[in-house]
Amino acid sequence: MTCKICGYESEEISKSIGVCVNCLRKNPKEALKIAHKSHQKWRKLIGLPLKPPKEGIKCSICVNECKIPEGSSGYCGIIWNKRGRLIPITGNFDRAYLHWYLDPHPTNCVAGPVCPEKEHRGFYNLAVFFAGCNLDCLFCQNIEHKYMIKNGSIDPFEGILIGSKELADIAMRSRVSCVCYFGGDPTPHSPYAIKTSREVIKRAEKIGTTKRICWETNGLENPNMMREMARLSLKSGGIVKIDWKAYTPSVYEALTGINGEKALQRIKENVALITSMDNRKEPPLLVISTLVVPHYIDEEEVGGIARYLAQLDPDIPYILLAFAPQHLMHDIPTTSKKQMENVYNAAKKEGLKRVFVGNIWLLR
């Protein structure tokens, strides 16, 4: 693929972005005009808002701060304005649209290298996969979450509607040792997930057992909400896993479709918030991960993230994940061993002590 601005050629430039990473950094205004076309074309096909709406009732759940018109949804497709009230697509915050499964330990967890449950064979993680997300990642590794809410309606064959107490019942099964919310992203469903988690912890305390509460999220929640999510993980022995996509705002925006400046500011705020709450050594309360997208997530991106983390706490675990071609970025190869080696060294050079590589079987 050839960059539409500078003419640079590489098999690692995706047609869905249309420009190289250097043009995204040096000429962000023009480069983002090109990159946004893919986001908007695909979102139109699936019936989601092309951009975070700006006329209506303000939603404060995440950094997008959508102002949602009557009869429409926010950028996530989950929060709707119905007769002047913001409600989820399920009708109320006591129900969520998701699918769940029991994932046996050692599970395929982003925080696997530091997860205390990896040694508990015979036990399970209750994996809670939510529909919807407040980002529009062109490389999304779990894109089915968008199809679950295609054209603003719930597909009964792709997920289930389940109440918070019913999900808590499943979490209390004797061989379930932890609950992990992901998706999509738990952010649009966070009021439901927080309510469920409080119930699980309360029941676990009554019978003297441990049920760890964990999150895999993009870290763009309202800080008040993030504080409560982290508190529940801290109390239960769980982990908050934040997927930090990129460090340069224009690169973040090209990959995810939302305002990169605001997103980076919010992620930094929430990472600092969680770090300030962590008064335990093991397991760590906070884990950061980055998907090493060929060409776009290089030493500059990973080095910037690592530098910020190391300034807060050099012991924050940082997981670098190998990329697999998915969704609209299906046209580029998997992460190379050379690129992974370069970004790993960049993270270590910035002073982080606990850097890990995940999905190594994908490296070419």
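The structure we're discussing is the one just above.
Basis of the calculations
- Residues numbered from 1 in each chain as written.
- Predicted model: local features only at pLDDT ≥ 70, side-chain atom pairs only at ≥ 80, totals over all residues.
- Heavy atoms only, no water.
- Phe/Tyr/Trp six-rings, centres within 6.5 Å; stacked < 30°, edge-to-face > 60°.
- Helix = DSSP H or I, 4+ residues; strand = E, 2+ residues; numbered from the N terminus.
- Buried < 20%, exposed > 50% of the residue type's maximum accessible area, 1.4 Å probe, protein only.
- Lys NZ or Arg CZ within 6 Å of the ring centre and 35° of its normal.
- Expected span 1.5 Å × (residues − 1).
- Contact = heavy atoms within 4.5 Å.
- 1 Å grid on protein atoms, 1.4 Å probe; cavity = no way out; pocket = protein on both sides within 12 Å on 5 of 7 lines; lining within 4 Å.
- Points joined across faces, edges and corners; volume = space filled by probe spheres on them.
- Nonpolar A, V, L, I, M, F, W, Y, C, P; charged D, E, K, R; others polar.
- Axes fitted to C-alpha atoms, helices over the stretch in contact; angles between N-to-C directions.
- Left-handed = near helix turned anticlockwise from the far one by under 90°.

(A) How the structure looks around the packing of aromatic side chains. Overall, the coordinates contain eight aromatic pairs when judged by the stated rule. With a centroid separation of 6.4 Å and 85° between ring planes, the pair formed by Tyr 101 and Phe 182 is classed as edge-to-face. Note that Tyr 101 is positioned in strand β5 (residues 95–104) and Phe 182 in strand β8 (residues 176–183), a separation of 81 residues in sequence. Tyr 101 sits in the partly exposed class, given a relative accessible area of 33%. Take Phe 182: its relative accessible area is 12%, and that puts it in the buried class. An aromatic cluster of at least three residues, connected via ring pairs, comprises Phe 130, Tyr 181, Tyr 192 and Trp 215. Across from the ring centre of Tyr 75, 3.6 Å away, lies the NZ or CZ of Arg 43, which sits over that ring.

(B) Focus on helix α8 (residues 260–277). The first and last C-alpha atoms of α8 sit 26 Å apart over 18 residues, in line with the 26 Å expected at 1.5 Å per residue. Taken together, the buried positions of α8 are Gly 260, Ala 263, Leu 264, Arg 266, Ile 267, Asn 270, Val 271, Leu 273, Ile 274, Thr 275 and Met 277. Those residues of α8 that are buried are in contact with α6 (223–236), β10 (240–243), α7 (249–256), β11 (286–292) and α9 (299–312).

(C) Focus on empty space enclosed by the protein. Throughout the structure, instances matching the rule amount to one cavity of 30 Å³ or more. Forming the boundary of the largest cavity are 14 residues, of which Cys 59, Cys 62, Cys 66, Cys 76 and Ile 79 lie nearest the centre. The residue makeup of the lining of the largest cavity, split by class, is nine nonpolar, four polar and one charged.

(D) Local environment of the environment of Thr 90. For Thr 90, the location among the structural elements is in the loop between β4 (85–88) and β5. The class for Thr 90 is buried, based on a relative accessible area of 5%. Sequence spacing of Thr 90 and Met 225 is 135 residues, and the spatial spacing of their C-alpha atoms is 20 Å. Discounting chain neighbours no more than four positions away, the residues touching Thr 90 are Arg 95, Ala 96, Tyr 97 and Leu 161.

(E) View of the packing of α6 against α8. Where α6 meets α8, the closest approach of the two axes is 10 Å, and the angle between their N-to-C directions is 35°. Where α6 crosses over α8, the two elements pack in a sense that is right-handed. Judged by residue contacts, Pro 223, Met 226, Arg 227, Ala 230, Arg 231 and Leu 234 of α6 engage Arg 266, Glu 269, Asn 270, Leu 273, Ile 274 and Met 277 from α8. Considering only residue class, the contact of α6 with α8 consists of seven nonpolar, one polar and four charged.

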